Amino acid sequence: MTETPRTRETRPAASASAPQGRPAQGKVRETQKPQVRPATEGWTQQKDAEGRPLLQFASPKRGKPPVHLADLTPAERVEKVKELGLPGFRAKQLSTHYFRHYTSDPEQMTDLPADTREQLVAGMLPPLLTEVRRLETDRGDTIKFLWRLHDGALVESVLMRYPGRITLCVSSQAGCGMNCPFCATGQAGLTRNMSTAEIIEQIVRANRLIAEGGLGGKKSDDHSMERVSNIVFMGMGEPLANYKRVMDAVRSMVAPQPDGLGMSARGITVSTVGLVPAIKKLADEGIPVTFALSLHAPDDHLRDELIPVNSRWKVDEALDAAYEYYAKTGRRVSIEYALIKDMNDHAWRADLLAEKLNQRGRGWVHVNPIPLNPTPGSIWTASEKDVTNEFVRRLNDAGIPTTLRDTRGKEIDGACGQLVATTEDEAASAAMA
């Protein structure tokens, strides 16, 4: 049930004053704004024995995907090729085909001996992702992929063309164990961690499509040299709960071709809902990726309900770890904040967020408010435009660089988890028919 109290909302007394110059009308509107509490709709949230939202940090045991070239270091690739009875230098040739030409098709590998080509590709580049469905926007500049893994698990990735860059939103887990009530992925729980190669394969498949001219742009242009320039780990799963495989994938992304994809670490964003020990570990990796904290509420009272992992590590602990990442790496941190109508978009929450960020210093952070994809009739819907603008204005006025994120893919179920849920519902309906 949605709780919408009639009593006036007040913010904590320590920060109750509105910014100087704020009109009286705005103050009245703020205090009368209702407070909607997070609630599950159409599903039952998994709870532990004590009635708290269940958190799954360990991956359930399932059959492992086949070992792939992208799971191995360059030295391990050489040894694996030798195990197949072939000269070690063939590993470099395979890596060139995979990481530079984005292909696993033996017919295109004419520099390999014809009599051993099929054997080598089968042993080193086994199929990992089977495309189940592809949805495109009308302009073709945003494409959502639904992939089936070797064990039938479903994951998604979203490819987006922007002026001057191409971004791929990748998944790191099948499902998610963080149990956030507004997240379509979290509703299904955690199926398993994805392997390093399964993460990399999403990029390789995207690069192949781009080179073939499949991502918008002018059809007459030569797209053969284009590729994904930016990666955001904001697809399905909690990246830092699959830490080793995600970091191995990042290392393959930044390794020079043909050992890896030759990407810039600064174009890679690793996000988390707030796994503090893993954030601290990430800060010590020496790889200057962009770090993003999915905060969504500056106060523990709301965030405990909105982001269940907040029961382990509170807002201030997560922000301290985020600041520590900045202090160690010199890389500005991003704060992700999904604006949800009457739930977390109150003006006093913008003030509180700014206050907490400024307490830790200046110039270390950037806030990305994200309009939630609206769902008619649901409590989980986007903030009104004037409320959104006020939220952004308050942060900017407090000296916090804030940019409203450009959302993509509303017409193609752009939020991760939506396409998996739709496909599973369709399969269940077909089975019952």
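Because the structure is a prediction, the values reported are computed rather than measured. (Residues numbered from 1 in each chain as written. Predicted model: local features only at pLDDT ≥ 70, side-chain atom pairs only at ≥ 80, totals over all residues. Heavy atoms only, no water.)

Trainee: Tell me about the environment of His150, and name the residues and values.
Mentor: Positionally, His150 belongs in the loop between strand S2 (142–148) and strand S3 (154–162). Taking C-alpha positions, His150 is 8.1 Å from Pro127, a pair spaced 23 residues apart along the chain. Other than its neighbours up to four places away in sequence, His150 contacts Gly63, Lys64, Pro65, Pro66, Leu128, Arg192 and Glu198. A distance of 3.0 Å separates the side chain of His150 from the backbone oxygen of Gly63, its partner in a polar contact. (Helix = DSSP H or I, 4+ residues; strand = E, 2+ residues; numbered from the N terminus. Contact = heavy atoms within 4.5 Å. Polar contact = N/O pair within 3.5 Å; in protein donor to acceptor, adjacent residues only side chain to side chain.)

Trainee: Could you give me a rundown of the packing of aromatic side chains, with the residues and numbers involved?
Mentor: Taken as a whole and judged by the stated rule, the model has eight aromatic pairs. Look at Phe57 and Trp313: their rings are 6.2 Å apart centre to centre, the planes differ by 75°, and that puts the pair in the edge-to-face class. With a gap of 256 residues between them, Phe57 in the loop between helix H1 (24–32) and helix H2 (74–83) and Trp313 in the loop between helix H8 (300–306) and helix H9 (315–329) connect regions that are remote in the sequence. The partly exposed category is assigned to Phe57, whose relative accessible area is 25%. Here Trp313 falls in the buried class, since its relative accessible area comes to 17%. Through a chain of ring-to-ring contacts, the aromatic side chains of Tyr323, Tyr326 and Trp364 assemble into a single cluster. A cation over a ring is seen here: Arg165 above Tyr162, with NZ or CZ 4.1 Å from the ring centre. (Phe/Tyr/Trp six-rings, centres within 6.5 Å; stacked < 30°, edge-to-face > 60°. Buried < 20%, exposed > 50% of the residue type's maximum accessible area, 1.4 Å probe, protein only. Lys NZ or Arg CZ within 6 Å of the ring centre and 35° of its normal.)

Trainee: Account for the packing of H2 against helix H4 (residues 117–124), with residues named and values stated.
Mentor: Two numbers describe how H2 lies on H4: the axes approach to 10 Å, and their chain directions differ by 130°. With respect to each other, H2 and H4 are oriented oblique. In the packing of H2 onto H4, the handedness of the crossing is right-handed. Contact residues: H2 offers Arg77, Lys80 and Val81, while H4 offers Leu120, Gly123 and Met124. Looking at the contact of H2 with H4 residue by residue, the class counts come to three nonpolar, one polar and two charged. (Axes fitted to C-alpha atoms, helices over the stretch in contact; angles between N-to-C directions. Parallel < 35°, antiparallel > 145°, perpendicular 65-115°, else oblique. Left-handed = near helix turned anticlockwise from the far one by under 90°. Nonpolar A, V, L, I, M, F, W, Y, C, P; charged D, E, K, R; others polar.)

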